[in-house]
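# Remarks on the overall topology
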Amino acid sequence: MNSSHPTKSWLPEFVLLGALWGASFLFMRLGAAEFGALPTAGMRVAIAALFLLPLLMLSGQWQVLSKHWKKIFVLGMLNSGIPFALYAYALLSITTGLSSLLNATVPLFGALIAWLWLKDRPHGMKILGLLIGFVGVAMLAWGKASFKPNASGLVTGWAVLACLGACLCYGISASFTKRYLSGVPSLVIATGSQIGAAIGLALPTLWLWPSQTPSTTAWLALLAVGVLCTGVAYVLYFRLINKVGAAGSLTVTFLIPVFAVFYGMVFLGESVTPWMLFCGAVILLGTALSMGLLKRFTESTTPA
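Described below are features of the structure shown in this document. (Residues numbered from 1 in each chain as written. Predicted model: local features only at pLDDT ≥ 70, side-chain atom pairs only at ≥ 80, totals over all residues. Heavy atoms only, no water.)

## Topic: the pattern of salt bridges
- Taken as a whole, this structure holds two salt bridges when the rule is applied.
- Of the charged contacts, one joins Arg29 and Glu270 as a salt bridge, the two residues approaching to 3.9 Å between their closest N and O atoms. Here Arg29, found in helix α1 (residues 7-35), pairs with Glu270, found in the loop between α10 (256-268) and α11 (274-290); they are 241 residues apart in sequence, far enough to count as distant.
- What makes Glu270 buried here is its relative accessible area of 13%. (Salt bridge = Lys/Arg side-chain N within 4 Å of Asp/Glu carboxyl O. Helix = DSSP H or I, 4+ residues; strand = E, 2+ residues; numbered from the N terminus. Buried < 20%, exposed > 50% of the residue type's maximum accessible area, 1.4 Å probe, protein only.)

## Quick notes on the packing of helix α4 (residues 96-103) against α11
- One can describe the packing of α4 onto α11 by two numbers: an axis separation of 9 Å at closest approach and a directional angle of 20 degrees. Put simply, α4 runs roughly parallel to α11. As α4 runs across α11, the sense of the crossing is left-handed. The residues of α11 that touch α4, namely those facing Gly97, Leu98 and Leu101, are Met276, Gly280 and Ile283.
- The residue inventory of the contact of α4 with α11, partitioned by class, reads four nonpolar, two polar and no charged. (Axes fitted to C-alpha atoms, helices over the stretch in contact; angles between N-to-C directions. Parallel < 35°, antiparallel > 145°, perpendicular 65-115°, else oblique. Left-handed = near helix turned anticlockwise from the far one by under 90°. Contact = heavy atoms within 4.5 Å. Nonpolar A, V, L, I, M, F, W, Y, C, P; charged D, E, K, R; others polar.)

## A word on unusual backbone geometry
- One non-glycine residue, Lys119, lies in the positive phi region at around 60 degrees.
- Following the sequence through the fold, Lys119 ends up in the loop between α5 (106-117) and α6 (125-142).
- Lys119 gets classed as exposed once you look at its relative accessible area, which sits at 65%.

## Some thoughts on the nonpolar core
- Leu17, Trp21, Phe27, Tyr87, Leu102, Leu140 and Leu181 are the most contacted members of the largest nonpolar core, which totals 81 residues.
- Setting aside anything within four residues of it in sequence, one finds Trp21 in contact with Cys229, Ala233, Tyr237, Val252 and Ile256. (Core = buried A, V, L, I, M, F, W, Y, C linked by side-chain atoms within 4.5 Å.)

## Considering the packing of aromatic side chains
- Under the criterion given, the structure shown has 14 aromatic pairs.
- Judged by centre distance (5.5 Å) and plane angle (55 degrees), the ring pair of Trp21 and Tyr237 falls under tilted. Of the two residues, Trp21 is situated in helix α1 and Tyr237 in helix α9 (residues 216-250); the sequence distance between them amounts to 216 residues. Each of the two residues, Trp21 as well as Tyr237, counts as buried.
- Taking 5.9 Å as the distance between ring centres and 50 degrees as the angle between the ring planes, the aromatic pair formed by Trp209 and Trp219 counts as tilted. Of this pair, Trp209 sits in the loop between α8 (186-207) and α9 while Trp219 sits in helix α9, placing them ten residues apart in sequence.
- We classify Trp209 as partly exposed; its relative accessible area is 33%.
- Residue Trp219 is classed as partly exposed on the basis of its relative accessible area, which comes to 35%.
- An aromatic cluster is present here, built from Phe259, Phe262, Tyr263 and Phe267 joined pairwise through their rings. (Phe/Tyr/Trp six-rings, centres within 6.5 Å; stacked < 30°, edge-to-face > 60°.)

## Remarks on the environment of Leu86
- When you line up the elements, Leu86 lands in helix α3 (residues 62-90).
- Distance from Leu86 to Cys167, taken between C-alpha atoms, is 9.6 Å for residues 81 residues apart in sequence.

## Observations regarding α3
- Here α3 is 29 residues long, yet its end C-alpha atoms lie only 35 Å apart, well below the 42 Å a rise of 1.5 Å per residue gives.
- In the structure, α3 departs most strongly from a straight axis at Trp69, where the bend amounts to approximately 80 degrees. (Expected span 1.5 Å × (residues − 1). Bend = angle between axes of the 7 residues up to and from the residue.)

## Overview of the environment of Leu187
- Examined against the element boundaries, Leu187 turns out to sit in helix α8.
- For the pair Leu187 and Ser59, spaced 128 residues apart in sequence, the C-alpha to C-alpha distance is 8.8 Å.
- Those residues in contact with Leu187 that sit more than four places away from it in its chain are Leu52, Leu55, Leu56, Ser59, Gln61 and Phe238.

## Side note on the side chain of Thr40
- Along the chain, the position of Thr40 falls in helix α2 (residues 37-59).
- Residue classification places Thr40 among the buried positions, given a relative accessible area of 0%.
- Side-chain polar atoms of Thr40 contact the backbone nitrogen of Ala32, separated by 3.3 Å.
- Thr40 has contacts with Met28, Gly31, Ala32, Phe35, Ala88 and Leu222, leaving out every residue within four places of it along the chain. (Polar contact = N/O pair within 3.5 Å; in protein donor to acceptor, adjacent residues only side chain to side chain.)

## As for the state of the cysteines
- Under the counting rule described, the total for this entry stands at zero disulfides.
- Between Cys167, a cysteine without a disulfide, and Cys163, which holds the nearest cysteine sulfur, the sulfur-to-sulfur distance is 6.8 Å. (Disulfide = S-S within 2.5 Å.)

Read these as spatial facts, not as claims about activity.
This is the structure in structure tokens:
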């Protein structure tokens, strides 16, 4: 991370961002239980778009969005619409802890897609990191990805695949952004992508809207995931990029499962097994190696 910025200046925002994105799994689970997967995702991006749009207008960057809107709207479905729907579906049958641990594979998919699409080939320890990370995923999913209904009639295998599909979407969207939207301001991409996702999910949301009126708790959960875990989180993320750089900001991936597991245990009574924690550690180790974080850390702590 950039040592020119004192740790105290960015650490509170860094921790808060991890806490907000970790909470998104809890709120989406509460919302999806009553709204269903697609309406939950549709409402999340619509609320986030309504929150971010005034910020974009005040920044005077609306003309930039109007110039790049087609590519940004496509990005919105790749980076928000599809993955949010997949996670909402997954959270109907697997725990928030498991889904957040699977979410930690996003940098792994990002590195893999960049290798295949942008020819950004990893070397040495980064390749080892990719292998370790995906081995961790296989270990974690092995005992969870059953395609036979369990005692509750749920099929967890499809949920695990949905989480990994969402992570793949995030990986594709990262390379898409680098290829087609380099130099476009972050707030423009954030706002435009949420608008695009909201438009893309509008018809499915209306078509699958629940016949029974959702409870106040479910509505508050969607409001929280839209405003706090999407709108506010984006603003924090872009502030962090300016302070510590993109690579440093991506390390928030390590914090998200910690908060998500904690919220699931406290508010939903979910259990976490030693095997889940071990597999999660393997995934995070692979992620750190694939991103070159351990190398940067040792370089930053070695005396000149």
